[in-house]
Amino acid sequence: MNNLQKTLLNEIPEFRDYTLNFINGNMSTMQYKEFAAAYGVYSQSNDKQLFLIRFRTSCGVISRAQLHTIYQMAHKHNLNYIHITTRQSIQLQDLDMDTIVDIMQQGIEKDLYTKGSCGNFPRNVTLSPLSGVDLEESFDVTPYALDTDKYFLNKISTYNLPQKLKVSYSNSQKDSAHATNQDVGFIATIKDNKPYFEVYVGGSLGKDPKIGLKLSKLIKPSDVLFYIEGVTEFLKKEGNYENKYKAGVRYMIEYLGEDEFLKRLYSYIDKQKQYVSLKINPAPINYKKQGSEIKLNNPRLFKQKQPGLYSVYIHPLGGMYKLKDLKCLLKELDKIKNPFIRIGMMQDIYILNLDGQEAKKILDTTECVNGSTALENSISCIGFPICQMGICNSQKMLSEIITYFKINSKDRQNMKVMPPIYISGCKNSCGLQQNGYIGLIGKMKSIDKIPVNCFEITINGFQDIDDFNSREFVGCFKDCDIPPMLYKISEELIEMNIDFTTFVNNYRDKFDKIIDKYKI
């Protein structure tokens, strides 16, 4: 047992006592949240008896044995689903206190940690899920992401930050790990045939989304911890501890101004460079394996840069992976030599390093899990009634949209023309609604003095750096009106034979005519 495991196991009795005090009414929900979030635990909305727990699955890289452990935990406690988050983590819900404690302990013993997956800590480091096998990547950033998360974890109980800190690594300019929207983001690039990182600082999604400041110079991959520690120390020393809503790195840029912020930031970074131990040179990951070609046209199948090897994409609706389907996947994975499992940023799972026949079997096994259209690959946070912050039931909203389309669409044509929809039950960014072609944000609105579940809708969400400011609010709508309204839009797309982006940007009068009938 390593020192990290010993430290975290020793913290469990205090966590249990604190939770028991909360259940017995000796503290407020907010007091409990501030304590328990550090352990990856939240009490569920309006219920002091039920909790959720989030595993910090480092960079979304998870072993077959660890996925088996999570399945066994969920099965033991009669859960029907596991929930895949948009930060490459796995979450279990509807659990009592004793179960939470049991799961926390089992996880630590299996190198599955929950500490720091929520709260004011360096959060789970995120990673382009196909890094290492992507045909178009600059280089494999996985070793650097894993070393960073390991660095955070080894001292996770020592942090005292005014706000969470998010770090991400993308393997190419596609920025599939959303590095430009993080407190510290690294994007791989090549210059003079050598690997470097572009560095972004102070980006965010949330209520006030921003692209991070791009630092003027490329950095060597071995220097990433100098920059991460520089930002961390800057946040620790000069962050706003009085107002948690203005405590993040992005707000430091606002009140200091870009020039002063960068001047101070570089001074913190320079101080870190005296610590030679922060330089990292992780060993490369070996993806070599005997491959075999397969002739199969499937949108969930990706050719790897390793000859004869493939990756398969799996996206359960709303990130809710049914346990019976997960069991089938694990059964098939047990037959495969050296599979790599990655949790993605879009509530998805990738199985890497498959030869042609293995890939075909995984595709067949997961066919019942994955929808075949972009609409079925929509994203939804867990929302109300699980989440304390949730205002609307985002999972139900997604389900009702999909059901409406399935009932009314002939040959699924209406589903095929729609883009994915990104849904959040509140203004927080767990549903990545700021990135969606169509984003839904839950809110409660009074209509004739009666509270009604509604969603604000935005369009043209952030897709790349150049169009970040194109996101537009188009109105607020009752939840029951959203499925038929979206369906009418799909009918127009079919009739005009155009995609959604072309429709809203080039035929705005037709788009407005549809949505104006439903606005409140």
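Above this text sits the structure in question.
Criteria and thresholds
Residues numbered from 1 in each chain as written. Predicted model: local features only at pLDDT ≥ 70, side-chain atom pairs only at ≥ 80, totals over all residues. Heavy atoms only, no water. Helix = DSSP H or I, 4+ residues; strand = E, 2+ residues; numbered from the N terminus. Rg over C-alpha atoms; globule rule 2.2 N^0.38 Å. Contact = heavy atoms within 4.5 Å. Areas by Shrake-Rupley, 256 points an atom, 1.4 Å probe, with all protein chains shown as cover. Lys, Arg positive; Asp, Glu negative; His and termini not counted. Charge placed at Lys NZ, Arg CZ, Asp CG, Glu CD. Expected span 1.5 Å × (residues − 1). Bend = angle between axes of the 7 residues up to and from the residue. Buried < 20%, exposed > 50% of the residue type's maximum accessible area, 1.4 Å probe, protein only. Polar contact = N/O pair within 3.5 Å; in protein donor to acceptor, adjacent residues only side chain to side chain. Arc of directions from axis to C-beta. Pairing = 2+ DSSP bridges. Axes fitted to C-alpha atoms, helices over the stretch in contact; angles between N-to-C directions. Salt bridge = Lys/Arg side-chain N within 4 Å of Asp/Glu carboxyl O. Phe/Tyr/Trp six-rings, centres within 6.5 Å; stacked < 30°, edge-to-face > 60°.

What follows is about the overall build of the protein. Per the secondary structure count, the protein includes 15 helices and 20 strands. Computed over the C-alpha atoms, the radius of gyration of the protein is 23 Å, within 12% of the 24 Å expected from 2.2 N^0.38 for a compact globule of 520 residues. If you line up the protein on its principal axes, its C-alpha atoms span 65 × 60 × 55 Å. Here the analysis covers contacts within the protein between residues at least 6 apart in sequence; of these, 67% occur between residues at least 24 apart. Here the protein displays about 22,800 Å² of accessible surface, and carbon together with sulfur accounts for 48% of that area. Distance from the positive charge centre (66 side chains) to the negative charge centre (59 side chains) of the protein: 2 Å.

A separate point is helix H1 (residues 3-23). Because each turn of an α-helix spans 3.6 residues, side chains separated by three or four positions end up pointing in the same direction. Over its 21 residues, H1 runs 31 Å from end to end, which matches the ideal 30 Å to within 8%, given 1.5 Å per residue. Of all bends in H1, the biggest is about 30 degrees, found at Ile12, and the proline Pro13 comes one to four residues later. Buried within H1 we find Leu4, Gln5, Leu8, Leu9, Glu11, Ile12, Phe15, Thr19, Phe22 and Ile23. Looking at the buried positions of H1, the neighbouring elements they touch are helix H2 (29-36), strand E1 (41-44), strand E2 (47-55), helix H4 (97-109) and helix H5 (142-154). The N-cap residue of H1 is Asn2: its side-chain oxygen and the backbone nitrogen of Leu4 are 3.2 Å apart. A positive phi of about 85 degrees marks Gly25, the residue just after H1.

Structurally, Ser204 is set in the loop between strand E9 (194-201) and strand E10 (213-214). In terms of polar contacts, Ser204 uses its side chain to reach the side chain of Arg250, at 3.3 Å. For Ser204, the contacting residues outside a window of four places in its chain are Asn181, Gln182, Pro209, Lys210 and Arg250.

What follows covers helix H15 (residues 508-516). Among all positions of H15, only Phe511, Ile514 and Ile515 are buried. Projected down its long axis, H15 shows its buried positions confined to an angular sector of 90 degrees, all on one face. For H15, the exposed residues lying more than 90 degrees away from the buried face are Asp509 and Lys513. Where H15 is buried, its residues touch strand E19 (450-459), strand E20 (472-478), helix H13 (482-496) and helix H14 (500-506).

Tracing the sequence through the fold places Arg264 in helix H8 (residues 258-272). Once the C-alpha coordinates of Arg264 and Gly230 are considered, the two residues, 34 residues apart in sequence, prove to be 9.7 Å apart. Arg264 has contacts with Phe234, Glu238 and Leu256, leaving out every residue within four places of it along the chain. Within polar-contact distance, the side chain of Arg264 engages the side chain of Glu260 at 2.7 Å.

Right, let's talk about the sheet that holds strand E8 (residues 184-191) for a bit. Strand order in this open sheet of five strands is E6-E7-E8-E9-E10, and the pairing throughout is mixed. Looking along the sheet, the strands with just one partner apiece sit at the ends: strand E6 (126-127) and E10. As judged from the two bridges shared by E9 and E10, these two strands associate in the antiparallel manner. Each residue of the ladder has a partner; that of Tyr200, found in E10, is Lys214. Against the sheet, H5 contacts E6, strand E7 (167-170) and E9, and its axis sits at roughly 170 degrees relative to E7.

Turning our eyes to something else, we now look at the sheet that holds strand E3 (residues 61-62). The five strands are arranged E3-E14-E15-E12-E11 in an open sheet whose pairing can be described as antiparallel. Of all strands in the sheet, those bounded by a partner on one side alone are E3 and strand E11 (301-303). Sheet topology note: the strand E12 (residues 309-314)/strand E15 (residues 349-355) ladder contains five bridges and is antiparallel. Across the sheet, residue Val312 finds its bridge partner in E15, namely Ile351.

Now for the pattern of salt bridges. The final tally for this structure, using the stated rule, is 26 salt bridges. When the shortest N-O distance is used, the salt bridge between Lys210 and Glu254 registers 3.6 Å. Separated by 44 residues along the polypeptide, Lys210 in the loop between E9 and E10 and Glu254 in helix H7 (residues 249-256) bring together distant segments of the chain. Judged by relative accessible area, which is 26%, Lys210 ranks as partly exposed. Where Glu456 meets Lys443, a salt bridge forms, and the shortest distance between an N and an O atom there is 3.3 Å. Within this pair, whereas Glu456 is found in strand E19, its partner Lys443 is found in strand E18 (residues 438-447), the two being separated by 13 residues in sequence. By relative accessible area, which is 27% here, Lys443 ends up partly exposed.

To continue, consider the environment of Ile489. Mapping Ile489 onto the fold places it in helix H13. On the basis of relative accessible area, Ile489 is assigned to the buried category, the value being 2%. Sequence-wise, Ile489 and Lys510 are 21 residues apart; in three dimensions their C-alpha atoms are separated by 9.1 Å.

A few words on the pairing of E1. Relative to E2, E1 runs antiparallel, the two being bridged by four bridges. Paired with Tyr42 across the bridge in E2 is Leu52. In textbook terms, the turn of a hairpin is the stretch between consecutive antiparallel strands, and for E1 and E2 this stretch comprises two residues, one of which, Asn46, has a positive phi near 60 degrees.

Under the definition given, this model contains 24 aromatic pairs. Between the aromatic rings of Phe302 and Tyr350, the centroid separation amounts to 6.2 Å while the plane-to-plane angle is 50 degrees, which identifies the pairing as tilted. With Phe302 in strand E11 and Tyr350 in strand E15, this pair connects stretches of sequence that are 48 residues apart. Judged by relative accessible area, which is 30%, Phe302 ranks as partly exposed. For Tyr350, a relative accessible area of 11% gives the class buried. Taking 5.2 Å as the distance between ring centres and 70 degrees as the angle between the ring planes, the aromatic pair formed by Phe405 and Tyr487 counts as edge-to-face.

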